[in-house]
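Notes for the structure review
Here is what each chain is made of, one letter per residue.
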Amino acid sequence: MMRRHRTTAAKAVEYKDFDTDLSFSQTLSSDEDFEEWRPQEPKPKVPRKTATAPAAREKKASAKRAAKPKEPKIPKEPKVPKEPKPRAPRKPAAERKTKATKVLKDSGAPGLAGTKRKNIEEGKNKAGEKLADGPHVLKEEESGPSVRIKEERLSFVMSEAHQADRWAGAGSSLAGLKAEKAEVETEDFTFDEPCQKKQKTSGTTFRQPTALPPSLATGLRDELSMNWDFIELLSTLTCVERWVCVNIISLLREENTVPFMVRYRKEMINHMDSDAVRDVQLVYAELCSLSKKTQSVIQTLKKDGVLTAELEHELRSCRSFDELDHVYSPYKKGSKLTKARRAKTLGLEVAVSALLDSPHTLDLREWVKPGTEGLSSVEEVATGVEHILADMIAKDPETLSYIKTLCENSFVNIQSSVSKSALKEREQEKGVQGHQRPGAQQNKNKDIDKFHIYFNFNSNIQRIQSHQTLAINRGESLKILTVKVNIPDRVKSDFTGWCINIRWRPKTSAREDLYAIIRNAVDDSYKRLILPFLTRSYRTKLTSAAEKESIALFVRNLRQRLLVCPVRGCVIMGVDPGFRHGCKLAILSPTSQIMHTDVVYLHNTGQHREQNTDKLCHLMMKYSCTRVVIGNGTACRETESFFADLISRRRFHPLDVSYCITNEAGASIYSVSPEAVKEMPDLDPNIRSAVSIGRRVQDPLAELVKIDPKHIGIGTYQHDVSAGALKAALDGVVQECVSFVGVDINICSEILMRHVAGLNAGRAKSIAEWREQNGPFNNREQLKLVKGMGPKSYQQCAGFIRINPQTLPSAKFSTHPAAAVLEKPVSKKCKGKTCGNIPTSLNPLDQTCIHPESYDVAQRFLLLVGGAADQIGSAGLQQCVERKVRTSSVEELARTVDTTTETLKLIIDGLTQPPGFDIRQNFGQADFKRGIVSMSDLRVGTVLTGRVDNTTLFGAFVDIGVGRSGLIHKSYITLDKLPASQRRRSLVLGPGERVVVRVLNVEPERGRISLDLIRVLQ
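Below you will find a few notes about this structure. (Residues numbered from 1 in each chain as written. Predicted model: local features only at pLDDT ≥ 70, side-chain atom pairs only at ≥ 80, totals over all residues. Heavy atoms only, no water.)

1. With respect to helix 19 (residues 489–503)
In plain terms, the rule: Put simply, DSSP marks the helices as runs of H or I at least four residues long and the strands as runs of E at least two long, and each gets a number from the N terminus on. To estimate how far a helix should reach, multiply one less than its number of residues by 1.5 Å. When a residue's accessible area, from a 1.4 Å probe over protein chains only, is under 20% of the maximum for its type it is buried; when over 50% it is exposed; and in between it is partly exposed. A contact between two residues is defined here by any heavy atoms of the two lying within 4.5 Å.
Between its first and last C-alpha, helix 19 extends 20 Å over 15 residues, near the 21 Å set by a 1.5 Å rise per residue. Every buried residue of helix 19 is listed here: Val491, Phe495, Thr496, Trp498, Cys499 and Ile500. In this structure, the buried residues of helix 19 make contact with helix 14 (378–395), helix 15 (397–408) and helix 20 (512–562).

2. Examining the sheet that holds strand 15 (residues 1008–1016)
Quick note on the threshold: At least two bridges found by DSSP between two strands is the condition for calling them paired. Axis definition: a line fitted to C-alpha atoms, limited for helices to the stretch in contact. Angles are taken between N-to-C directions and run from 0 to 180 degrees.
Strand order around the closed barrel formed by five strands is 11-12-13-15-14, with mixed pairing between neighbours. Across the sheet, the mean angle from the axis of one strand to that of its neighbour is 50°, orientation sign disregarded. Bridge count for strand 12 (residues 955–959) against strand 13 (residues 966–969) is four bridges, and the pairing is antiparallel. Across the sheet, the residue bridging to phenylalanine 957 is leucine 967, located in strand 13.

3. Quick notes on the pattern of salt bridges
For clarity, the cut-off: When a carboxyl oxygen of Asp or Glu is within 4 Å of a side-chain nitrogen of Lys or Arg, the pair counts as a salt bridge.
Applying the stated criterion to the full structure yields 41 salt bridges. A salt bridge links aspartate 731 to lysine 727; the nearest nitrogen and oxygen atoms lie 2.8 Å apart. You can see aspartate 731 and its partner lysine 727 sitting in helix 27 (residues 723–741), four residues apart, about one turn around the helix. For aspartate 731, a relative accessible area of 30% corresponds to the partly exposed category.

4. Remarks on the packing of aromatic side chains
Going by this rule: Whether two aromatic rings pair depends on their centres lying within 6.5 Å, for rings of Phe, Tyr and Trp, where Trp uses its six-membered ring; planes under 30 degrees apart make the pair stacked, over 60 edge-to-face, and the rest tilted. Two conditions define a charge sitting above a ring: the NZ of Lys or the CZ of Arg must be within 6 Å of the ring centre, and it must be within 35 degrees of the ring normal.
Within the structure shown, the criterion is met by eleven aromatic pairs. Between the aromatic rings of phenylalanine 954 and phenylalanine 957, the centroid separation amounts to 6.4 Å while the plane-to-plane angle is 80°, which identifies the pairing as edge-to-face. The class of phenylalanine 957 is buried, set by a relative accessible area of 13%. Taken together, the ring pairs connect Phe260, Tyr264, Phe740 and Phe800 into an aromatic cluster. Positioned over the ring face of tryptophan 504 is arginine 503, at 4.9 Å from the centre of the ring. The ring of tyrosine 794 has lysine 784 lying over it, and the distance from NZ or CZ to the ring centre is 4.9 Å.

5. Comments concerning the sheet that holds strand 2 (residues 456–460)
Taken in spatial order, the three strands line up as 2-1-3 in an open sheet, and their pairing is antiparallel. Two strands lie at the open edges of the sheet, namely strand 2 and strand 3 (481–486), each paired on one side alone. Ignoring which end each strand starts from, the neighbouring axes of this sheet average 15° apart. Note: strand 1 (residues 413–418) against strand 2, five bridges, orientation antiparallel. Pairing of serine 417 across the sheet is with asparagine 456, part of strand 2. Packing against the sheet, helix 18 (residues 466–477) makes contact with strand 1, strand 2 and strand 3, and its axis sits at approximately 125° to strand 3.

This is the structure we're talking about:
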């Protein structure tokens, strides 16, 4: 049975068959295949007729439109149902994929990740006709073929839609309200598939535009100057509906941030999560970069005097950098004159045209010019004609489309083997056995051994996994591996026959010697031009897809690491363990203030050890410290054993002391950074590390944002992906997490403020300076007084900034919040800005996630439910809201207060959440314990509870408290072991999640533990 093709970035997403093995290294072998869960194959469907003539399609479409009025709906007064309808069950994922793949295969021209597809375009046109009837949401017809675009993620971002939506709304307090949309549970588990883009299924009054505003469209068209429709191509590449792409581009060009769009413009982006919006943003940026590169190439060719109208058209029609490079490479400066261009300078283009159009009139002897190189004989003339024809074949879009289709329907393999230079080094190593080798040589040989599973590796390009691609690329860059792409010989034979008999067949009968020229040209074009192009194209696509998946893994791991629930309300001791230089201690107050720092030598012997033990116990008792946080670096296990022994001997009695192990990656880098020096100028860098370790548990988000995300110790192959793309993605995640959690502007650090949407380092510094000069902020309106805070910056950041009354003990709320907003204090002069219309009293709404642009709506809603702003978060107000929602649906209430449904839901959340609400309370905390288990205590079959430490492309590493993380291979992460809420997620497990595991194998000498997932704890 033929395996189903796995798509790359160039196609719709399909299920993938993965090669697996049980290696714990960052690279895997594909020698063993394990049976993995796959979705049930759908029954074969009768294929739709997509090859019908355009006239027939138009006729059929018009017939359907004409038949539609036969069943007119009698207009009725709008009646809001008491309970909204549940979502319609989704089609099986495999069925949706089959349909999308079929659509993509109809494409002719190659692109960045796909091409224009006629059936999708027709579907969008039909959707546009439906939109013209009124502001209704597109719905699939109960009968007849679906014309709706399959909204599925093409990129490999793996964030959970349900979690992203939860933070985007700053938590949901409507869980018990009947008006909440019901969702039918479906079993469309997509383990190896990117998560679906969230799609709105209830009615909305938001208008769905099908085109950019005229001024914006004109500016974008002039800026790009390409031959393709930008919005159409963007929609095709991202699998996002056209009207959503229009809105996202409009919002991006208006300088809106992703967190702002995801929380406050949900209707415009069709409820997409932040990762989906960022995918569209990345493709948009990529298309803009392609356009700029094309303009630069055109200007260069024009300056060189080789630009023709035909060449310019080819350049402006390119949809990927690969296509652009393929067209431009023969004209690059510094490259030698190609064979085709040399033949063209001899004037042989006319002979080629005669060969194709009227071969009976072509006589090659007429072109012979003795003494002229390239024309001195009939053979040289024939060779020149072959070179020009070969170049024409290699650049013909129809020919390239055909060869790509042949490859898609064949088994194209990628093969890696050990390089000759690596073999030579290994032979030299054997020759010097017994002699002392230098350290650099030892490290080099060690690197060679890491790639032993790729010394004879072969995989279908549709089945190769992302981490395998990255490992092969790394081995190739180190000159340890050689890599090649093998295309079956059948592709060449089919391609040659098609070219000779169909595409490049002369229009009239030709002599046998002229047919021989065409055959030679086809063979030369395939071997010398097309095959290298296909190889580059496959390698580029595989690398691009692998990089995207690796970056997506970084994004997801970082998000879950940042959103770990903080440990508050207790004194914590941070310990940076060490042997020779001792263990550095930092005792932190419940508000993360440094109370005491010290160094103790816990791993010495004799009387000195007892003195340090007494000193440690005295500090714990003096500051009532009940929590100890130990870094997982050098001497971690010994320090853990020391504290476990003290706890078992009750040396801290009457305190109930427990400890946890935390990842200290990046602590040493931060301790010598300018930010750390500014924050703790009088402390030794080693002590700063201990402070950072303790604060990572007290408030992980506030502490980890100080460290470069790539130094936090998450993900894999970070040095093998694009540094710029990785930095942009991780910075975007940090901004989302900080914004969705929210910051108290009066107590947060300047570093944390930098990551709020709409702010940067300059504005954060200005806010900190204003706070020092004028005291704490009393309301959000005062942010307008800060230097550099314009209307757009204020709009983007205001909803994510909190004014917490607890941090202003002397301040009092105004009796009437509405009046507080309108109150005008006495005018006074401020540096750079006027303060005349800015109120100074507190506004209760400033402590919520409600945006200032919705304050008027919030006041109307409070009047409607009979509540007041000073009751925010109280049980009384929550009961009033619940009672009102029971009698009237959220949709009806939204129409009453003149707003959208999503805005009202956000307002309800803000009004009913308790003061100081933190969305991170729904996430897990660090695990504190009192005893220790060693690796020698493990037995096969032992059941343990652990926490996921890191997620890779081949499985999840779990900390089970023995000093060495065990691996749950992805083949053991199956459908039946997961809660229903996690069955649509891409890699299912992420850092911080608690799991129950069973020990499968223990290798103490190699430090490896194999685990089986039993279940995920919620």
